[in-house]
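The chain contents come next:
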Amino acid sequence: MTTTAPDLGKAPANNAKKKRGGGVLGNTGLYIATGVAALLFLIPFYLIVRNALMTDPEITGENWKWFPTDIQWGNITEPFKDETVDFGRALWNSWVVAVLHTSGILLICSLAGYGLARIPYKHANKVFYGVLVTLMIPTAVTFVPSFVLVSSLGWVDTYRGLIIPGLFSGFTCFLFRQYFLGFPKELEEAARVDGLSYWGAYWRVVVPNSLNFFAAMATITFISGWNSFLWPLVIGQDPSAWTIQVALSAYMTNQTVNYHLIFMSTAISILPLVLVFLFLQRWLVQGIAQTGIKG
């Protein structure tokens, strides 16, 4: 009686086929989930653009329309012709505030984070814990004292009042410290051997090799500065000092609501954020990953 040995060579092949099949199904499911998430993310932008290029009767009509019957290209220039709100001035103010706010906070917080991570100081940990404590203080607690201080300095309706009080962020300082703790010390030690000071090592070695992280922080900070509303609303009391977010809110205080004007103004105000994100997006994920923080 003869016995046939089992064909052991077929089992791995079958397992490989199963793995390949499972991988394809898994990737397909991932692509579908990503596509659905992207679609849900883009719906608000679609509605903004759709309504911006429609007339008010079409926007408020009972019958839903996916696209405008007749695209109103003239709506694009209407915000700049509105006499109640200086829309162009508001865009310029937001641009100046966001750029200077981003530049200042990157410089100050990166220097603070580098000092806490690299410069030997016996009270460095205490200072760091003090920075962390500021993250636990509600913004409402410091809002009134900040306004009183800015008002006493005569900075109401000025760029100084809009920008300077927000030039330090405890969270951004924390992120920079975490990043610099993981930065290769060998590069800095070589710079110190060549005679560079801490400032020289920071400016000539650390910064050029950390552009990915700086770009990521710049993207987040710029978006935050551009979308800021409450502080510019209080400081910018004169219409000439309004930022774009304050100007958009002014459309809702009129006796009549001009829907297509609101949506077109919103679309124009979003455009700079989209351009900044598209330009810096490839550095955003890499920079955040380099902080050492895991979700």
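What you are looking at is a predicted structure, and each value in this text was computed from that prediction instead of being measured. (Residues numbered from 1 in each chain as written. Predicted model: local features only at pLDDT ≥ 70, side-chain atom pairs only at ≥ 80, totals over all residues. Heavy atoms only, no water.)

## Digging into the packing of aromatic side chains
Under the defined criterion, the tally for this structure stands at 19 aromatic pairs. Members of the aromatic cluster, connected to one another through ring pairs, are Y114, F176, Y179, F180, F183, W199, Y202, W203, F213 and F214. It is R177 that lies over the ring of F128; its NZ or CZ is 3.8 Å from the centre. The ring of Y198 is capped by R192, whose NZ or CZ atom sits 4.1 Å from the centre of that ring. (Phe/Tyr/Trp six-rings, centres within 6.5 Å; stacked < 30°, edge-to-face > 60°. Lys NZ or Arg CZ within 6 Å of the ring centre and 35° of its normal.)

## A few points about the pattern of salt bridges
Using the criterion set out here, one finds one salt bridge in the structure. We note a salt bridge from R118 to E188, for which the minimum N-O separation is 2.6 Å. Residue R118 is found in helix 4 (residues 87-118), and its partner E188 is found in helix 9 (residues 185-193); the two are separated by 70 residues along the sequence. Judged by its relative accessible area of 6%, E188 falls in the buried class. (Salt bridge = Lys/Arg side-chain N within 4 Å of Asp/Glu carboxyl O. Helix = DSSP H or I, 4+ residues; strand = E, 2+ residues; numbered from the N terminus. Buried < 20%, exposed > 50% of the residue type's maximum accessible area, 1.4 Å probe, protein only.)

## Some details on the packing of helix 4 against helix 8 (residues 170-181)
As a packed pair, helix 4 and helix 8 sit with axes 7 Å apart at the nearest point and diverge in direction by 50 degrees. Classified by the interaxial angle, the pair formed by helix 4 and helix 8 is oblique. Crossing angle aside, the handedness with which helix 4 passes helix 8 is right-handed. On helix 8, the residues that touch I105, L106, C109, S110, A112, G113, Y114, L116, A117 and R118 of helix 4 are T172, C173, F176, R177, F180 and L181. (Axes fitted to C-alpha atoms, helices over the stretch in contact; angles between N-to-C directions. Parallel < 35°, antiparallel > 145°, perpendicular 65-115°, else oblique. Left-handed = near helix turned anticlockwise from the far one by under 90°. Contact = heavy atoms within 4.5 Å.)

## Considering the layout of surface pockets
Of the pockets and cavities examined, the largest pocket occupies roughly 1100 Å³. Around the largest pocket, the lining is made up of 32 residues, and of these T139, P165, G166, F168 and S169 lie nearest the centre. Contributions of two or more residues to the lining of the largest pocket are made by helix 4, helix 6 (139-152), helix 7 (159-163), helix 8, helix 11 (211-227) and helix 12 (230-235). Residue contributions to the lining of the largest pocket peak at five residues, all from helix 11. (1 Å grid on protein atoms, 1.4 Å probe; cavity = no way out; pocket = protein on both sides within 12 Å on 5 of 7 lines; lining within 4 Å. Points joined across faces, edges and corners; volume = space filled by probe spheres on them.)

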